[in-house]
Every structure is written in structure tokens, then in C-alpha cells.
Amino acid sequence: MKIRKNLFYFLIFFCVNLSINLSAQNFTYSPALNNLSYTESKIIGRVKDNIVVWMYTYSYNWRKANSEILVYDNNMKLLHKTSFKPIVPEISSINFLNEGNSFAAVLQYPINESFIWNLIRFDADGNIIDTQTIAHAKDYELLKSANDKSFALIRTAPSEINNAIAIQYVFVKNDEIIHSDKFTLPFDTLSSAIGKAFLTDDKLIFPVIDSTRDNSKLRVYKLNLSNNSSSNTIRNINNGYLNWTNIDINENDKYYLLTSQLMNRDSDVAGAKIFTWQLNKDLTDRNTDTLLSYADSMNNCLQNIYYYKLSNVSLRNNTSDVLVAAEDIGNTPIQSYSPSYSYYGNNEVVSYIGSFYEGRVLSMIPQKDLNGNGIYMSSNVSSGPTWYSGGSSPQHFTPSGQIIKPRLQTAAFAVLNVDAQNNLKWSQCFNASGITDISYLIEHSVFVNTPNALHIIYSAPVDKNNKQSLTDIVLHADGSYTKHPIISMNLKYSYMVEEGMQLDENSVLFPCVIKGKRAFAKYTVK
């Protein structure tokens, strides 16, 4: 009997340890490299059979030309290094395109009081294929397509036409300059605003609000960068106005989804609603716009949420998830979730992110949002519930310049699933009562879109023993979710989850820290 009992405990112990070790095998680590405090990195992704990252270690003269391309195999063994030092004298900004079997660096550097944009192509092993100059200008911003086959350098400038602006661009596809031109559109610099823009193949999609006041018009433009042709559609916004800092637009296989926050006429955040609008690829209405109210019993955890970051992600079954992230607001100053600007009587512009170009027409700010690549093009006007820490407590500027004391709220994160008919299929809310460390879920997470689910992987703060824990929230197609810890057998690593990138359908790469040095961890999603 005693032998049988001991055997029973041994089998339990064996199964538990087997489960832990099998789960732990989901991690593969690279060798530790440079001191974390002086290191910056960007993940380029999986290129052919390799995994490629860029790393820069700060030098005494802060020259990013000292940076390197690091090429790893699938087991995170370092195969090859390529230095930028012999290629360019300096680097002001750098972006990467992952083309599947090769990749490219798009970098800007100063020379003779001017700026050069270069395109450097590499094979999967990090060897340089060719180099070409694509532009001479300082204030371009880079926007790349989701498949990394094309990108555009974009900037805005005053137009020769009254009440209009110009968008100048250089369009590159398959490593060749296809077209360079200028597109002019109606725009009142004192009252209009542009929301998030994204590039799909050779089409630049972006929304424009003609006024940040009541009864405005929302236009969605589709600009063909190959030949400078365009189309647009108009939607009247009645009984309120859209918060342009919270406009997001993305696409799935069949349509575009635009989301924003609709404020009421009195600028009262308590009466705000979530605005969703689906458009076909030719910009015709797929469905009429829909308003989602916080008072909806399905979204009860959002009933007391007033200030938030709104985004959306397109899923593979032609539905979309609207993501609502709200931080805790107590009696301490907070930073804005998105770009915020305010005018004062002396025309001084106060901003937290980016800067205004000559003429104070428009600025474009690259910013990682909840679902990946994009840039926000932001006009220099007050609008919506935008915040800054300009005093002892947060201040809310309405379009009329009023300062309103903020409402208190607790942190929450919600996912609202919208089907192809623009109907709300289900919603799932996470708040302080449903999950701990909501702020870490919002700020230190990465989204992994697998064939069967949406994974939200996030890190919790270190515990009293200085150990970090990772959690995977798995959202299924029916709205249900499971939550389970990610087990790492090496507790000496801490993971920089918010800098992670999905490599393929089932794996994600995180920068991580081991003994004060930077490394990389590949995690395979189950």
C-alpha cells in the first residue's frame, strides 16, 4: 500500500515537472551581448530561415553608425554580424523592411547641411546587396505597408491654395522608386485634423475631420501613390464631434474599419460613445456607422471609463476587434495616451510628442499603437479629451478652451468584437476586479494573432524576490478567454514584452535582460 501511494505521488510529481519542462521549452535564448543601459534594439523579424535584429550600443559620441545587424538561426545562435560603420558616416533615423527572403534598411543621415535618405538591401544572412539614395530632405516620415513590400516617405507642407494643405511623398515598391509627387486636399489649419494613416500596397488611406466642433464632416481619402489619383467618401457627424486623437483605421481581407470616440455637444466625456464605420475597399459604405454606448450592459466595465486609447485590429475571419485601453486616473498628473496640442493666446504651442513644421500646418508622429505600424498626422488645434501634465493636476481642454476637472476612473482593458455587418458580436472586459496589474496589460504587452485566437502576452511587475512573471490571455472566436502563466525555467531573465514582435503564426521574439546585458528570447505560442 505504501509503495503504491509513493508511486502515485511520484507520478504526479513526474507529470507536473514534465508539463513545466515542456512549457519551458517554448523559450529559446540568444547569447547575452551588450550592457542594457547603453543598448537600443529593433526586431526586424524572420527573414527566410533566419531571425534578424538591429542593435546599437551608445558610444561616447552617440554615433548610431556604430550599430550592427545581428543574424540568428532558429535556435537563436548568432550566425553573422554586419556593421553600419563602413556604410554611412552617421545615422539620424533608421527603419527596416522585412521582405521575406531579404530585408532592407531605410536610413537618414546628415551631410553638408542637408539630409540623405538611403535604402540598403541585405540578403537573409545580413550581406549587403546594394545601396541607393531615394530622397534629399529632413522632415519626411516613413510609413510602410503591412507586407513590407512598399513604403512611402511622407511630409506635409503649406499649399498655394487657400484652405488646403499638400502631402508630399516619395513612393518605393520592391526596392524601386515608383513615383514622387504632391497631393493637395482641403484643410483649414485652424479647425481641421487628420487621423491615423496607413499604407496598403500603393494606397495611402487616411481620415480627415473638417472641424473639431459639432456637426462636422469626416472624409476618408484613398490616395494612389503610383499615379497620384485619389478617391474619397464623406460622412456627416451630427449631434457631436469625433475626437481626432482617437481615430484609428485598419483593414482586413474585405473591408476597412474606422473607429473613434464621439463626444457630445457639451464635451462631457460621460456622454461619449464609440463610433465604428465599415467601408468597402472602394470606399463605398459596407454598413452604416454604429455607436456603441458605455451604458450597454454588455460593456458594464466601461460604464465609468471616460479617457482612453482606442484602437482596432483586423482578424483572419473577417471580423475585427476594437481595443479600449484606459489607465487609472486618480489625483495625480497623467500623460496623454495620444498626441495632444493646445493653443494659447500668444500662439505658443505646447506639445508632448513631435514638433510642428514651418508654417504650423501639420506634424506627423510615428507612434507604436496597440496593433502595429502607423503614423498619426496631427493638426495644431485643441480637440477632444486631450491631456497634459501642466500643473498639480491633469487638465482637460475642450474645443472652446474650457478647463474641466477630470473624472476619476480605474484602469480597464476591453475587447469588443465587431462582425462583417458592423454588429457587436461580443465584448470582453478586464478591470481591477477581473485581472491584476491592468496597467501592465496596457503598457507592457504584445499581441499575437494566431490562426485560431488572439493572444495578449503581458508582463507583471517584479515581485518581492525580484522575479518577473508573464501571462498569456487567449481570446477565442466566441469571445471566451483563458488565462495562463508562461513558465520560464530560467528566472534570471526579465522580458521587455512591449518591444516584442510576432515572427510567424506561432512565435514571438522579445528583447530580454540577463545579468544586466541585453539578449533575445523566442517564445513559441501554444
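Everything below is about the structure shown above.
Residues numbered from 1 in each chain as written. Predicted model: local features only at pLDDT ≥ 70, side-chain atom pairs only at ≥ 80, totals over all residues. Heavy atoms only, no water.

A.B. asks: Would you mind showing me how to read the overall build of the chain here?
C.D. replies: In terms of regular secondary structure, the chain is built from two helices and 41 strands. Considering only intrachain contacts with a sequence separation of at least 6, the fraction spanning at least 24 residues in the chain is 50%. When the accessible surface of the chain is summed, it comes to about 23000 Å², and 49% of that surface belongs to carbon and sulfur atoms. (Helix = DSSP H or I, 4+ residues; strand = E, 2+ residues; numbered from the N terminus. Contact = heavy atoms within 4.5 Å. Areas by Shrake-Rupley, 256 points an atom, 1.4 Å probe, with all protein chains shown as cover.)

A.B. asks: Explain the environment of Ala-272 here, please?
C.D. replies: Within the element layout of this structure, Ala-272 appears in the loop between strand 20 (255–263) and strand 21 (273–280). Among the residues examined, Ala-272 registers a relative accessible area of 3% and is labelled buried. Through-space distance from the C-alpha of Ala-272 to that of Gln-261 is 6.7 Å; in sequence the pair is eleven residues apart. (Buried < 20%, exposed > 50% of the residue type's maximum accessible area, 1.4 Å probe, protein only.)

A.B. asks: I would appreciate a short explanation of the sheet that holds strand 10 (residues 141–144) in the present structure.
C.D. replies: The strands that make up a sheet pair up through hydrogen bonds in the backbone, lying either parallel or antiparallel. The four strands lie next to each other as 10-11-12-13, forming an open sheet whose pairing is antiparallel. Every interior strand has two partners, whereas the edge strands, strand 10 and strand 13 (176–186), have only one. Neighbouring strand axes in the sheet, compared pairwise and without regard to direction, differ in orientation by 25 degrees on average. The pairing of strand 12 (residues 164–173) with strand 13 spans ten bridges and is antiparallel. Across the sheet, the residue bridging to Ala-166 is Thr-184, located in strand 13. (Pairing = 2+ DSSP bridges. Axes fitted to C-alpha atoms, helices over the stretch in contact; angles between N-to-C directions.)

A.B. asks: For this particular structure, what's the right way to read the environment of Ser-67?
C.D. replies: If you trace the backbone, Ser-67 turns up in the loop between strand 3 (50–57) and strand 4 (68–72). Judged by its relative accessible area of 0%, Ser-67 is buried. For Ser-67 and Thr-82, which are 15 residues apart along the polypeptide, the C-alpha to C-alpha distance reads 8.6 Å. If we ignore the near neighbours within four places in the chain, the residues touching Ser-67 are Trp-54, Met-55, Tyr-56, Thr-82, Ser-83, Phe-84 and Ile-91.

A.B. asks: Where do I start with the nonpolar core in this structure?
C.D. replies: Where a protein is soluble and globular, its nonpolar side chains tend to be buried together. Core analysis: the biggest nonpolar cluster contains 20 residues, and Trp-54, Ile-69, Phe-84, Ile-94, Phe-96 and Leu-107 have the highest contact counts within it. Counting only elements with at least two residues in this core, the list comes to strand 2 (39–47), strand 3, strand 4, strand 6 (93–98), strand 7 (102–111) and strand 8 (114–123). When residues of this core are assigned to their parent elements, the largest contribution, four residues, is made by strand 7. Residues within four places of Ile-94 in sequence aside, it is in contact with Lys-42, Trp-54, Phe-84, Ala-105, Val-106 and Leu-107. (Core = buried A, V, L, I, M, F, W, Y, C linked by side-chain atoms within 4.5 Å.)

A.B. asks: What am I meant to see in the pairing of strand 35 (residues 453–459) here?
C.D. replies: Note on strand geometry: in a regular strand, side chains alternate between the two faces of the sheet. With seven of its seven residues buried, strand 35 lies for the most part within the structure. Here strand 35 shows no split at all, with Ala-453, His-455, Ile-457 and Ser-459 on one side and Leu-454, Ile-456 and Tyr-458 on the other all buried. Of the pairings in the sheet, the one linking strand 34 (residues 445–449) to strand 35 comprises five bridges and is antiparallel in character. Counterpart to Val-446 in the pairing with strand 35 is Ile-457. Linking two consecutive strands that pair antiparallel, namely strand 34 and strand 35, is a turn of three residues. One ladder, built from seven bridges, connects strand 35 with strand 36 (residues 470–476); its direction is antiparallel.

A.B. asks: How do you make sense of the sheet that holds strand 7 when you look at a structure like this?
C.D. replies: Spatially, 6-7-8-9 is the arrangement adopted by the four strands of the open sheet, whose pairing is antiparallel. Strand pairing shows two members of the sheet lacking a second neighbour, strand 6 and strand 9 (128–136), which therefore form its edges. On average, adjacent strands in this sheet sit at an angle of 20 degrees to one another, irrespective of strand direction. Alignment of strand 6 against strand 7, held across six bridges, turns out to be antiparallel.

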